[in-house]
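Here is what each chain is made of, one letter per residue.
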Amino acid sequence: MIEKLIKYVITFIGLSTGVALGLRLVDPLYEYNLFNLNLQRIVYLIGAPLLLGLLGTVVLYFASKLFIRFGKKMAQVVQSELEKIPQQDFLFGLIGLIFGLIIAFLISGLYEIIPIPMVASALKILTFIFFGYLGISLAQKNIKDQPKLSDWAKKIAPIKNTKTNIPNSHAKPKILDTSVIIDGRISDICKTGFIEGEIIIPEFVLSELRHIADSSDALKRNRGRRGLDILKIIQRDLPIVVRIVDQDFEDVSEVDVKLIKLAQKLNGSIVTNDYNLNKVASLQDIMILNINELANAVKPVVLPGEEMLVQIIKEGKESNQGVSYLDDGTMIVVEDGRKFMNENIQVIVTSVLQTAAGKMIFAKSKS
């Protein structure tokens, strides 16, 4: 319907343009008798607008299809480019552009004193371009202050009842990296409702995951396919907002650096199991949610002197040591436990050692 309306409008423009041009050519054609026909002026007055109007109608009618097709392609290009820009960047950039143009309008009035109109017009154009670009640049440069603005707005806003079931819209988005997707525990954590805010999955992480899933190594291939299955579960079965962003940083090749840049741009947090990414991101004041640290934090606290029932499943590194594991994977080293191999025994905890990989419990047999 809209395409037909546009086609009719373009055709009408061709008709009206042709008629107007024909009316302007009536006197020159009659006065100079260009075709040596010796016709009356009324003939030119009727014939010229009619012929040129018909010609303009036919030409623009067929050209309207090209115009509409070109307009569609341009609209798709503009839409795809705008979708790559985060909403907060676009909003702040638009505000900066408006303020820049207002300042340029106020300054351009001073150019009226210049006696040369061409120079004054050129200076006005340059002023609008300069202050418009300056407004956009300053607004996007200071976009990191948005959390401070929102905190300030919270302080001056009236206090409302906080007992509501509406999700917290001010929660930072959580950006998933490849390691935490392959790990799989993120789906269970999302299911419990402890993750607030939307889940962000970058396109470059998906590309890395697809590359792992297509690997010739069977172990890597299975891990990659497991990660894709986990994403499907999070996106389809869990009541949480999942958004895939195609924003990439072509000047950077490492995925970890891209994650850090994306977190800075979206003011988000990174969910990862990568120890090195954890350290690098922490140095740049980016919040890191480490699944391994969460797992260690929720393990039950064991104190020296407590008793527990364990099964010795293998030998320890030192002589006469036996090794057992709790249900959460915590290692228990039992002194003189080797002689109780594959047996369930009561042990007494002697000490607990906290390491970077988790907790390690030392115990001795009660007997």
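All values reported here derive from a predicted model rather than from experimental measurement. (Residues numbered from 1 in each chain as written. Predicted model: local features only at pLDDT ≥ 70, side-chain atom pairs only at ≥ 80, totals over all residues. Heavy atoms only, no water.)

Engineer: How would you explain the sheet that holds strand β1 (residues 174–176) if you had to name every residue and give the values?
Structural biologist: If you trace the 5 strands from one edge of the open sheet to the other, you get β3-β2-β1-β4-β5, paired in parallel fashion. The sheet is open, and its two edges are formed by β3 (242–245) and β5 (288–290), each paired on a single side. Pairs of neighbouring strands in the sheet enclose a mean axial angle of 30°, with direction left out of account. The pairing of β1 with strand β2 (residues 199–202) spans 2 bridges and is parallel. The residue of β2 that forms the bridge with Lys174 is Ile199. Along the sheet, helix α8 (residues 203–213) contacts β1, β2 and β3; its crossing angle with β2, the most-contacted strand, is approximately 60°. (Pairing = 2+ DSSP bridges. Helix = DSSP H or I, 4+ residues; strand = E, 2+ residues; numbered from the N terminus. Axes fitted to C-alpha atoms, helices over the stretch in contact; angles between N-to-C directions. Contact = heavy atoms within 4.5 Å.)

Engineer: Let's hear about the pattern of salt bridges: which residues, and what values?
Structural biologist: Where charged atoms from two side chains of opposite charge approach closely, those side chains can pair. In this structure the tally under the stated criterion is 6 salt bridges. Note that Lys124 is salt-bridged to Glu112, the shortest N-O span being 2.6 Å. With Lys124 in helix α4 (residues 117–141) and Glu112 in the loop between α3 (87–108) and α4, this pair connects stretches of sequence that are 12 residues apart. In this structure Lys124 comes out as partly exposed when scored by relative accessible area, which is 26%. The exposure class assigned to Glu112 is exposed, which follows from its relative accessible area of 55%. The closest approach of N and O atoms between Asp183 and Arg185, which form a salt bridge, is 2.7 Å. Look at Asp183 and you get partly exposed, because its relative accessible area is 25%. (Salt bridge = Lys/Arg side-chain N within 4 Å of Asp/Glu carboxyl O. Buried < 20%, exposed > 50% of the residue type's maximum accessible area, 1.4 Å probe, protein only.)

Engineer: Any details on the packing of α8 against helix α10 (residues 255–266)? Residues and values, ideally.
Structural biologist: Running from amino to carboxyl end, α8 crosses α10 at an angle of 155°, the nearest separation of the two axes being 10 Å. Taken together, the axis directions place α8 and α10 in an arrangement best described as roughly antiparallel. Of the two elements, α8 crosses α10, and the hand of that crossing is left-handed. Contacts between α8 and α10 pair Phe204, Val205 and Glu208 from the former with Val255, Lys258, Leu259 and Leu262 from the latter. Taken together, the residues of the contact of α8 with α10 sort by class into 5 nonpolar, no polar and 2 charged. (Parallel < 35°, antiparallel > 145°, perpendicular 65-115°, else oblique. Left-handed = near helix turned anticlockwise from the far one by under 90°. Nonpolar A, V, L, I, M, F, W, Y, C, P; charged D, E, K, R; others polar.)

Engineer: Please give an account of the packing of α10 against helix α11 (residues 275–283) that cites residues and values.
Structural biologist: At a closest axis distance of 11 Å, the pairing of α10 and α11 adopts a crossing angle of 40°. Crossing geometry of α10 relative to α11 is assigned as right-handed. Contact residues: α10 offers Asp256, Leu259 and Ile260, while α11 offers Leu277, Val280 and Ala281.

Engineer: Describe the packing of aromatic side chains, listing the residues and the values that go with them.
Structural biologist: Inspection of the entire model under this criterion finds 1 aromatic pair. Pairing Phe130 with Phe131 gives two aromatic rings, centres 5.2 Å apart and planes at 85°, and the pair type is edge-to-face. (Phe/Tyr/Trp six-rings, centres within 6.5 Å; stacked < 30°, edge-to-face > 60°.)

Engineer: Let's hear about unusual backbone geometry: which residues, and what values?
Structural biologist: The phi dihedral of Asn267 falls on the positive side, at around 55°, and the residue is not glycine. Note that Asn267 resides in the loop between α10 and β4 (269–272). Its relative accessible area of 31% is what places Asn267 among the partly exposed residues.

Engineer: Any details on the pairing of strand β8 (residues 322–325)? Residues and values, ideally.
Structural biologist: Where strand β7 (residues 314–315) lies against β8, 2 bridges are found, and the strand directions are antiparallel. Of the residues in β8, the one forming a bridge with Glu315 is Gly322. In textbook terms, the turn of a hairpin is the stretch between consecutive antiparallel strands, and for β7 and β8 this stretch comprises 6 residues, one of which, Asn320, has a positive phi near 65°. Relative to strand β9 (residues 331–335), β8 runs antiparallel, the two sharing 4 bridges. Of the residues in β9, the one forming a bridge with Ser324 is Ile332. Joining the antiparallel neighbours β8 and β9 is a turn of 5 residues, in which Gly329 adopts a positive phi near 95°.

Engineer: Provide a residue-level description of the environment of Thr57, including the pertinent values.
Structural biologist: With respect to the helices and strands, Thr57 occurs in helix α2 (residues 41–84). Residues contacting Thr57, with those up to four places away along its chain left out, are Thr11, Gly14 and Leu15. Here the side chain of Thr57 touches Gly53 through a polar contact of 2.7 Å, landing on its backbone oxygen. (Polar contact = N/O pair within 3.5 Å; in protein donor to acceptor, adjacent residues only side chain to side chain.)

Engineer: Residues and numbers for the side chain of Asn273, please.
Structural biologist: Tracing the backbone through its elements, the reader meets Asn273 in the loop between β4 and α11. Residue classification places Asn273 among the buried residues on the basis of a relative accessible area of 15%. There is a polar contact of 3.2 Å between the side chain of Asn273 and the side chain of Asp183. Setting aside chain neighbours within four positions, we find Asn273 in contact with Asp177, Ser179, Val180, Asp183, Arg185, Asn290, Ile291 and Asn292.

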